[in-house]
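Structural characterization, general
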Amino acid sequence: MANLLSLQFSSTLRRSGSLNTLRNTVFVISKQNYSSQDGSSSEYLHRSIVPTMHYQKSLPRLPVPKLEDTIRRYLAAQRPLLDDEQFSVTERLAKDFLGGMGKQLDEELVAQDKQNKHTSYISAPWFDMYLSARDSVVLNFNPFMSFNPNSKTEYNDQLIRGTNMVCSAVRVMKTLRAGLLEPEVFHLNPAKSDTEGFKKFIRWVPSSLSWYGAYMVNAYPLDMSQYFRLFNSTRIPKKGRDELFTDQKGRHLLVMKNGNMYVFDVVDRDGNLVKPAEIQSHLKHIMSDLTPAPAFPIGVLTSENRDVWAGLRDKLLAAGNGEVLGLIDSALFCLCLDDETMRDHIHISHNMLHGDGCNRWYDKSFSIILTKDGQAAINFEHSWGDGVAVLRVQNEIFKDTTERPLVNPSTSSPALDSALSVRRLQFNLDSELENGIAKAKENFNAAVSKLTIDAMEFKKGGKEQLKKKKLSPDAIAQLAFQMGFLRQYGQTVATYESCSTAAFRHGRTETIRPATIHTQRCAHAFVNQPGKHSVEQLQAMLAECSKYHGQLTKEAAMGQGFDRHLFAMKYLANSKGQALHDLYQDPAYIAINHNILSTSTLTSPAVNLGGFAPVVPDGFGVGYGVHDDWIGCNVSSYPARNVHEFLHCVHKSLEDIFSVLDGKSLS
């Protein structure tokens, strides 16, 4: 599930007067003029004229799709994955579901939704899905997003960058909690809505009506209900179902180095940011600490199966470690200082996605990882929220550290003894706990040893050229993945693309299904019959793929997919102890939810690359970005698949597509 970066919105914008979002939330964040007024001190990033949660009460509710539409969309997605005989079985089951049990479940779901207007129909089931999952969060759930380096190279020093990132993260937290963080809004017409004048007007519109005021000028506020879990939050392992813990009273930072854990306050008793030079001094103290790596590093337990980890946590508590665990859980966030120097992008991906297991606390809401050579990334636990909130923090940290760093290479350390402020956490371990840690490390090593990551950059075209041809850049990237898989394995398989529904109150994600009858037909023509079709025919197929993918993306962003609706009805039946309809037992339903191609897109001024592991053993985890004049992919796989060959096939597919767009025939 780590592919749920949920940074995807609608690829084409509807005409003025209808609710919409954008192709990719990165552009919400990167194009928006957040700073209504610059912060008057080092305490805040900025002071928004409009209160942070001003739009939350009036956000539209996530619609429950009509059951007829859900079944129609489901069958359309199944068509390219099944032969005629398989499809007739699936079609019969779907129609039986529509007229019988599905109708009853849908009616109950709608009635339940009407009684819970404060939230969305998917919110509670989605939290439950994540928190009830017993697999390790490492590889299965936690993704990473790496920062671009600071253009001023001297600021990429591990100590300087670490200090500035900690200070900026605290400033994000303080700005958020003071209600001064600019609300998350997508501006279709920023000349009208992203202005001081409009903000001064909308701040006086009551919260219960404010969304409508923004809507009138083509601005669309996004849900920010997940943001309170960003800081002082941790996923706590429990038998059967984990819990989310947040304690906003915590004023300390958790720092990990060499498997050792340290805490020190970054907010003082008055709620102010500790002096940046003091934070730098404390981090320098930790970085120069010669304490050897622990023989039994506690952090690796957070990589275990959740039930196993829950049992071991109970033993840690029984052994008298409650106070130190409380400090970990309530820390603002985790800063991981790694001693390694990164060799290349592949090394960065492995390090930021999983690392060595010992210098991480994977259960924190998010961790900033910083290597010896100043490479930085965020790794985040996924149950509490989606990529929208995390990316906002990442963009704010990057902007703040590059434009207004609070320490610089000439900052001198104050005359203070950091040993008095920094505490190294120590644990009481018995032989059973030591054995549990050793086993966790063994399991971790076995899991990550199977993961392969490779990257590709296609330099012969990108977003600008595709838009000139009136093609959706995302549609063409997705088509290249379909062509690449067909070229490598000769088949069309279940494909998942994450799409945020943050335009709605307590929206989470919906699934775009990029494998369609149109991509199947087009991929077959390009891969299996390159000489049979004229350039004009191939160009027409590309246009058809783009048009249909745009429709699917728009529907998903508007909460009109089929995956979440079917999931919610299945969840409802299970919660009642009701036997599932045969539709859910159908091999075709199981197969379409076995997502061999799991994809998520990401482009941002702050982000260098993002990545996640495959969600199934025989799958690919495809992180990608379509840039102005190039297309990049960061792809992972397990031994069942060859990621190097896949990327070669994707590159060849992109070459063929851009050749056809240039009017050249395929040989």
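For the structure, check the block above.
No experiment lies behind these values; they were computed from the predicted model shown.

Let's shift gears to the side chain of T599. By the secondary structure assignment, T599 is in strand β15 (residues 597-601). There is a polar contact of 2.9 Å between the side chain of T599 and the side chain of Q478.

With that settled, the discussion passes to the sheet that holds strand β8 (residues 334-337). The strand order β11-β7-β6-β8-β9-β10-β1-β16 describes an open sheet built from 8 strands, whose pairing is mixed. The two strands at the open ends of the sheet, each matched to only one other strand, are β11 (423-424) and β16 (607-611). Bridge count between strand β6 (residues 252-257) and strand β7 (residues 260-265): 6 bridges; the pairing is antiparallel. Of the residues in β7, the one forming a bridge with V255 is Y262. Packing against the sheet, helix α10 (residues 276-287) makes contact with β6, β7 and β8, and its axis sits at approximately 165° to β7. The strands touched by helix α14 (residues 387-403) are β1 (144-147), β9 (366-370), β10 (376-380) and β16; relative to β1, the strand with the most contacts, the crossing angle is about 15°.

In this section: the nonpolar core. Formed by 78 residues in total, the largest nonpolar core has its most connected members in Y74, F97, L254, W361 and L425. No other element matches helix α20 (residues 563-575), which puts 6 residues into this core. The residues touching F97, leaving out its near neighbours within four places in the chain, are L67, I71, G102, K103, L105, L566, M569, H581, L583 and Y584. Counting 50 residues, the second-largest nonpolar core is a separate cluster that includes L45, Y262, V274 and I378.

Relative to the helices and strands, S210 is located in helix α9 (residues 210-216). The sequence separation of S210 and P294 amounts to 84 residues, and the corresponding C-alpha distance is 54 Å. Not counting the four nearest positions on each side in its chain, S210 is found in contact with H54, Y55, S58, I202 and V205.

Looking now at the sheet that holds strand β12 (residues 452-458). Taken together, 6 strands build an open sheet; the order of strands is β12-β18-β17-β15-β13-β14 and the sheet is mixed. With partners counted over all chains shown, the strands left at the sheet margins are β12 and β14 (509-512), one partner each. For this sheet the average axis-to-axis angle between neighbouring strands, irrespective of direction, equals 25°. Judged from the 7 bridges that link them, β12 and strand β18 (residues 631-637) form a sheet pairing that is antiparallel. In the strand pairing of β18, M456 is matched with C633.

With that out of the way, let us pick up the packing of helix α2 (residues 67-78) against helix α3 (residues 84-99). Contact pair α2 / α3: the axes reach a minimum separation of 10 Å and the direction vectors enclose 170°. As judged from the angle between their axes, α2 and α3 are roughly antiparallel. Of the residues in α3, those touching α2 at L67, E68, I71, Y74, L75 and Q78 are F87, T90, E91, A94, F97 and L98. Broken down by class, the residue content of the contact of α2 with α3 amounts to 8 nonpolar, 2 polar and 2 charged.

For β10, the buried fraction is high: 5 of the 5 residues fall into the buried class. Judged by which residues are buried, β10 turns out to be covered on both faces: A376, I378 and F380 on one side and A377 and N379 on the other are all buried. Here 3 bridges tie β1 to β10, and the two strands are oriented antiparallel to one another. Note that in β10 the partner of S146 across the bridge is A377. In the sheet, β9 pairs with β10 via 5 bridges, with the strands oriented antiparallel. Bridging across to β10, F366 finds its partner in F380. Here β9 folds back onto β10 in antiparallel fashion, the turn holding 5 residues, of which G374 has a positive phi close to 85°.

Now for the pattern of salt bridges. Tallied over the full model, the rule gives 38 salt bridges. D242 is paired through a salt bridge with R134; the nearest N and O atoms lie 3.0 Å apart. You can see D242 sitting in the loop between β4 (233-236) and β5 (243-246) and its partner R134 sitting in the loop between α5 (123-132) and β1, a full 108 residues away along the chain. Residue D242 is classed as buried on the basis of its relative accessible area of 0%. Look at R134 and you get buried, because its relative accessible area is 16%.

Attention now goes to the pairing of β14. Neither face of β14 is exposed, since T509 and T511 on one face and E510 and I512 on the opposite face are all buried. The pairing of strand β13 (residues 495-500) with β14 spans 4 bridges and is classified as antiparallel. If you follow S498 over to β14, its bridge partner there is T511.

Calculation rules
Residues numbered from 1 in each chain as written. Predicted model: local features only at pLDDT ≥ 70, side-chain atom pairs only at ≥ 80, totals over all residues. Heavy atoms only, no water. Helix = DSSP H or I, 4+ residues; strand = E, 2+ residues; numbered from the N terminus. Polar contact = N/O pair within 3.5 Å; in protein donor to acceptor, adjacent residues only side chain to side chain. Pairing = 2+ DSSP bridges. Contact = heavy atoms within 4.5 Å. Axes fitted to C-alpha atoms, helices over the stretch in contact; angles between N-to-C directions. Core = buried A, V, L, I, M, F, W, Y, C linked by side-chain atoms within 4.5 Å. Buried < 20%, exposed > 50% of the residue type's maximum accessible area, 1.4 Å probe, protein only. Parallel < 35°, antiparallel > 145°, perpendicular 65-115°, else oblique. Nonpolar A, V, L, I, M, F, W, Y, C, P; charged D, E, K, R; others polar. Salt bridge = Lys/Arg side-chain N within 4 Å of Asp/Glu carboxyl O.

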